[in-house]
Amino acid sequence: YLQWLYFMADTIYPSYSRYYHAERYTARSEEASGVKQQAQQTLFKQWQVVEDALQRNGPWLLGRLFSACDIYLQMLTTWHETPAELLNAFPGLRQVARGVAARAACRRAIRMHRSETGL
């Protein structure tokens, strides 16, 4: 549980920060596009780590046990510029995101925040 929580919070989350706020990660504004491009490449590598684990041990991050990590994963997938692109590239992520989004509480949160799920 903690491994996945920390991986998402300390690895994937910062990559989205670099993607959406690239100008904060360089002293030269003309280099921001390179920071953003590298963040996008890094994100796909990081999501691949999650996908590989889901393919080996799924359907949830903790195997057969649904947890808050799955909810956090689903939320992070909505941060992708085009969530559908991410979910189409990673079927295990799509399965988790779909499973979380099917829960009543999650559906309410998605409606309330008008999140684009890509599903």
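For the structure, see preceding data.
Here's a quick rundown of the structure. (Residues numbered from 1 in each chain as written. Predicted model: local features only at pLDDT ≥ 70, side-chain atom pairs only at ≥ 80, totals over all residues. Heavy atoms only, no water.)

## With respect to the packing of helix α2 (residues 32-57) against helix α5 (residues 91-101)
Part 1: In the contact formed by α2 and α5, the axes pass within 8 Å of each other and the chain directions differ by 75°. On the basis of the axis angle, α2 is roughly perpendicular to α5. In contact with Trp-47, Val-50, Glu-51, Leu-54 and Gln-55 of α2, α5 contributes Pro-91, Gly-92, Leu-93 and Val-96.
Part 2: Looking at side-chain class alone, the contact of α2 with α5 contains six nonpolar, two polar and one charged residues. (Axes fitted to C-alpha atoms, helices over the stretch in contact; angles between N-to-C directions. Helix = DSSP H or I, 4+ residues; strand = E, 2+ residues; numbered from the N terminus. Parallel < 35°, antiparallel > 145°, perpendicular 65-115°, else oblique. Contact = heavy atoms within 4.5 Å. Nonpolar A, V, L, I, M, F, W, Y, C, P; charged D, E, K, R; others polar.)

## Concerning the side chain of Thr-26
Part 1: Within the secondary structure, Thr-26 sits in the loop between α1 (2-20) and α2.
Part 2: Of the residues examined, Thr-26 reaches a relative accessible area of 16% and is grouped as buried.
Part 3: Of note is the side chain of Thr-26, whose polar atom sits 3.2 Å from the backbone nitrogen of Arg-28.
Part 4: Engagement of the side chain of Thr-26 in a polar contact is seen with the side chain of Glu-31, the distance being 2.9 Å.
Part 5: Excluding residues within four positions of it along the chain, Thr-26 makes contact with Glu-31, Ala-32 and Val-35. (Buried < 20%, exposed > 50% of the residue type's maximum accessible area, 1.4 Å probe, protein only. Polar contact = N/O pair within 3.5 Å; in protein donor to acceptor, adjacent residues only side chain to side chain.)

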